Every structure is written in C-alpha cells, then in structure tokens.
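Fold and contact review
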Amino acid sequence: MIVNLIKIIIRFIILILLQVLIVQNIRLGSYIILFPYILFILLLPFETPKLLVLIIAFITGLTIDMFYDTAGMHAAACSLIGYLRYYILKLLSPREGYDQGMIPNVDSMGPIWFITYSALIIFVHNLFFFYLEIFRFNEFFKTLLRVILSSFGTFCFVYIVQFLFYKTDRNK
Amino acid sequence: MKNILIFLYKNNFFFIFLLLECICCVLLIKNNGYQGSSLLNSSNEISSKIYELQTNAKEYLLLKDENERLARMNTYLINRIKLGYAAIPLKTYVKNDTLYKQEYEFMSGKVINNTINKRSNYLTLNIGSAQGITHDMAIITTDGIVGIVKDVSENFSSAMSILHKDVRVNCQLKKDGIFGPLIWDGSDYRFSNLTDIPTHAKIKKGDTVITSSLSGIFPEGILVGFVESFEQKANESFYSVKVRLSADFKKINHVSVIKNNYKAERDSLELKSQIQSDR
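Rules behind the numbers
Residues numbered from 1 in each chain as written. Chains lettered and ligands numbered in written order. Predicted model: local features only at pLDDT ≥ 70, side-chain atom pairs only at ≥ 80, totals over all residues. Heavy atoms only, no water. Pairing = 2+ DSSP bridges. Helix = DSSP H or I, 4+ residues; strand = E, 2+ residues; numbered from the N terminus. Axes fitted to C-alpha atoms, helices over the stretch in contact; angles between N-to-C directions. Parallel < 35°, antiparallel > 145°, perpendicular 65-115°, else oblique. Left-handed = near helix turned anticlockwise from the far one by under 90°. Contact = heavy atoms within 4.5 Å. Nonpolar A, V, L, I, M, F, W, Y, C, P; charged D, E, K, R; others polar.

This brings us to the sheet that holds strand S4 (residues 145-152) of chain B. One closed barrel accounts for six strands, arranged S1-S2-S5-S4-S3-S12 (chain B); its pairing is antiparallel. Each strand axis lies, on average, 45° off the axis of its neighbour in the sheet, ignoring direction.

With that settled, consider the packing of helix H3 (residues 50-68) of chain A against helix H4 (residues 73-92) of chain A. All names here are of chain A. Between H3 and H4, whose axes approach to 7 Å, the crossing angle comes to 160°. Classified by the angle between their axes, H3 and H4 sit roughly antiparallel to one another. Helix-helix and strand crossings are classified by hand; for H3 and H4 the assignment is right-handed. Contacts between H3 and H4 pair Lys-50, Val-53, Leu-54, Ala-57, Phe-58, Gly-61, Leu-62, Ile-64, Asp-65 and Tyr-68 from the former with Met-73, His-74, Ala-75, Cys-78, Ser-79, Gly-82, Tyr-83, Arg-85 and Tyr-86 from the latter. Here the residues of the contact of H3 with H4 are counted per class, giving twelve nonpolar, four polar and three charged.

Here we take up the sheet that holds strand S10 (residues 223-232) of chain B. All names here are of chain B. Taken in spatial order, the six strands of this closed barrel run S6-S7-S8-S11-S10-S9, and their pairing is antiparallel. The mean angle between the axes of side-by-side strands here comes to 40°, regardless of whether they run parallel or antiparallel. Note that strand S8 (residues 191-198) and strand S11 (residues 238-245) share six bridges and pair antiparallel. Looking across to S11, one finds that Pro-198 is bridged to Phe-238.

Okay, structure coming up:
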C-alpha cells in the first residue's frame with residue numbers, strides 16, 4: 001500500500017517536471033499543445049475513491065497553473081475530468097468488473113480499452129481547456145481545430161509515456 | 001432544511017465538483033484583473049526558482065547568439081560616443097544639459113520563462129520591485145518590442161508578451177506616421193497584425209513598423225517589425241497589415257525594461273481632462 005503511494009507521488013513529480021521543464025518547450029506550432037500530465041490522473045488506481053480522484057485532479061491542475069500563469073484554467077479542466085473519470089470507468093467496465101489493485105494501463109486492460117479510455121478523457125480536457133482559455137466564440141472553428149490536433153498529439157505522447165511506468169511495474 | 005441537507009449529502013460528489021469549479025472561476029476572474037492574485041503565477045517562489053535553474057542551464061546553449069548580438073550592439077554604441085567625434089571648441093558651442101530631460105530609463109533583465117504557443121503568452125523576468133520595476137513598463141530587446149509588465153513580486157516580475165490576446169500596442173508606419181493598434185491573432189508567433197490602417201496609406205512590402213508614442217508605455221520609434229503583406233477586407237475601409245516581428249520570440253534572453261519618468265504625470269492629466277469632459 002505504502003509502496004503504491006510512494007510510486008504515485010514519484011509519478012506525480014516526474015510528470016509535472018516533464019510537463020513544465022521539457023514539454024512546455026516543445027513547440028509544434030500554435031495548434032498542437034501537449035498536456036501529458038493528464039496521464040497522472042489517467043493512471044490513478046481503479047479503487048481510488050471518486051471524491052479523492054476529484055480532489056487530486058484539482059490539486060494537479062493548480063500545480064500546473066502555478067507554472068503556466070493560468071490561475072484556475074488547468075484546475076477547472078482537471079476537476080472536470082476528475083469528476084467524469086468515475087462515469088467513464090463505469091461506462092467502460094468489463095462484465096466481471098475491475099480487479100483489485102490494478103492500474104488502468106495498456107498492460108492490464110489491453111490497448112483497445114486504454115485507447116478508448118484515454119482518448120475520451122484527453123478530448124474532454126482539451127475541449128474544456130481551450131474554450132475556457134479563449135472564452136469567446138468568434139474563433140470557434142480555429143479553436144476546434146486546435147482541440148482536435150492537440151488531443152491527438154497529447155494522446156500519442158501519453159500512449160508512449162505510459163510504457164515507461166508500465167515497464168517498472170513488470171520488473172517488480 | 002433537513003431535506004436540503006440530506007439532498008446535499010446524497011449528491012456530495014457532484015456538489016464538491018461544482019464547488020471546485022466555482023473556486024477555479026473565482027481564480028480565473030481575479031487573475032484577469034490587471035493586478036490579480038500573484039500567488040498562483042510563475043513569479044512565486046517555488047516555480048520561479050525552478051525556472052531560474054532551467055534558464056541557467058539553457059543560457060549556455062544561447063551564448064553564441066547572445067555574444068554576436070552584444071558585439072553588434074557594442075559597435076553601434078561605440079560609434080555614438082565621443083571617441084568617434086571631433087571636439088568642437090567650447091567658445092563656439094556650449095552644450096547645456098537643461099535642454100534635455102531624461103524621459104525614459106532603461107534597466108536590463110533576463111527572461112527566465114517564456115511561452116509562445118498559447119493564446120495568451122507570458123514572460124517571467126528575474127527583476128522585480130526591489131530593482132524598481134512596477135506594472136505597465138515596456139520590455140524590449142535590441143531587436144524589437146517584447147511585452148508589458150503585468151505583476152511584480154520582490155525579485156521577479158511577470159509580463160504579458162505582445163503575443164497575448166488582450167495586448168494592443170499602438171504602432172505606426174515609419175515613413176508617414178500612420179498609426180493603428182497591433183493585435184496578435186494567435187496563429188503564428190512570427191507575425192502579428194497591424195489593424196485600422198486607412199486605405200489611402202501607401203504601403204509596400206518591407207516597410208518598417210515602429211512604436212508610436214500614443215500609448216505612453218513604449219518610447220516612440222522602437223522597431224516592431226516589417227510589413228509582410230496587407231489586405232482590405234470586404235465592407236471595410238481599413239487595411240489589415242501582416243507584420244513580421246523583428247524580435248525572435250523563440251530566442252529571447254536578455255531584455256531591457258523601460259521606465260517612463262513622466263507616465264504618472266501624463267496619465268493623471270489625461271484622466272483629469274477626461275473626467276471634466278464627461279461631466
């Protein structure tokens with residue numbers, strides 16, 4: 001239990017630093033902006049209480065906001081996905097339910113399940129975040145294009161990065 | 001009352017979610033104010049320390065460019081000092097200092113954080129109120145204008161870059177002084193748009209765009225960029241001019257912060273006459 005907790009905290013620090021020190025400096029034009037830190041919320045264990053997920057997501061968002069000068073924007077988007085994660089997991093649950101102590105990654109749930117799950121959450125996060133950032137509708141389609149391209153970019157990045165964590169799990 | 005409490009308790013997940021979203025909204029709205037909460041931006045202690053470490057490491061990679069720019073600036077400055085001029089005998093010419101007042105003061109600083117790919121981009125500088133920075137000061141590099149200071153802490157300051165959806169800088173064409181606001185459309189960090197240029201202006205590709213003194217923040221005549229293209233939209237009697245920015249926002253490192261010594265006086269005068277005419 002404590003080992004898991006330490007693992008989660010280390011994952012949190014690594015992902016925040018990855019986001020702030022490295023990914024923030026990857027510039028792929030103004031339409032693709034990557035947010036791989038969402039992976040932290042994606043990879044919380046299945047049996048985490050839903051209220052705790054919500055609060056952890058909110059704190060994650062606030063931490064990113066501190067670095068990005070966007071007080072409240074990431075926190076708002078993160079608490080939305082922290083809230084919706086419970087329902088999305090319910091929607092996607094296999095017939096026999098989730099096993100205890102499992103982590104939602106490719107290794108334990110299979111690639112198709114993980115792709116659906118992460119793509120949904122990443123898309124919701126980006127959709128909410130970019131419209132909140134612009135906060136007006138006169139650039140509607142430009143923002144939509146930005147949401148779609150950024151979601152796809154973040155998704156590819158997340159899919160690759162989660163293998164880093166899954167490998168350490170298997171060595172155990 | 002009891003029923004309400006039971007209802008709240010039953011749906012506590014949803015209501016805590018709503019509460020968190022409300023907190024976020026409050027933060028957002030507060031931060032949009034010109035001097036909103038400076039706790040949650042990158043001029044606070046922890047995040048600015050981390051950014052400073054990162055910049056220190058990154059600086060080594062940019063040393064070559066920076067040296068070249070400094071050398072260029074040096075030659076430019078050497079050409080302007082007395083060494084390069086013959087002395088005029090004092091009998092015929094007396095320079096009187098009272099003819100000039102120093103209107104703008106320059107302070108140098110270093111950018112420790114910079115973004116270019118968001119819709120509202122910010123910079124963090126390693127100088128703050130202890131070095132005399134206040135909000136509304138202009139930031140330039142030797143290449144061109146960069147942004148405007150927004151929040152200040154003791155040793156750091158956070159600034160809106162001109163690549164920000166709410167920043168409007170008054171600029172003019174160098175050759176005939178026709179002016180208009182410079183607004184960034186959010187698509188490419190190398191270009192910005194100069195709007196409201198009347199169609200009788202004779203614009204050519206490559207014309208120089210400089211700041212005008214209308215804003216009171218930037219001194220007049222600082223380089224902004226060069227005209228890339230221009231078009232007249234249907235139903236409008238103005239040109240929209242695409243300007244190639246002369247400052248390279250990907251490589252900003254050392255900047256000068258400009259203080260206008262007479263800004264307070266000018267602002268209070270302008271405000272006073274506006275209030276009088278409103279009556």
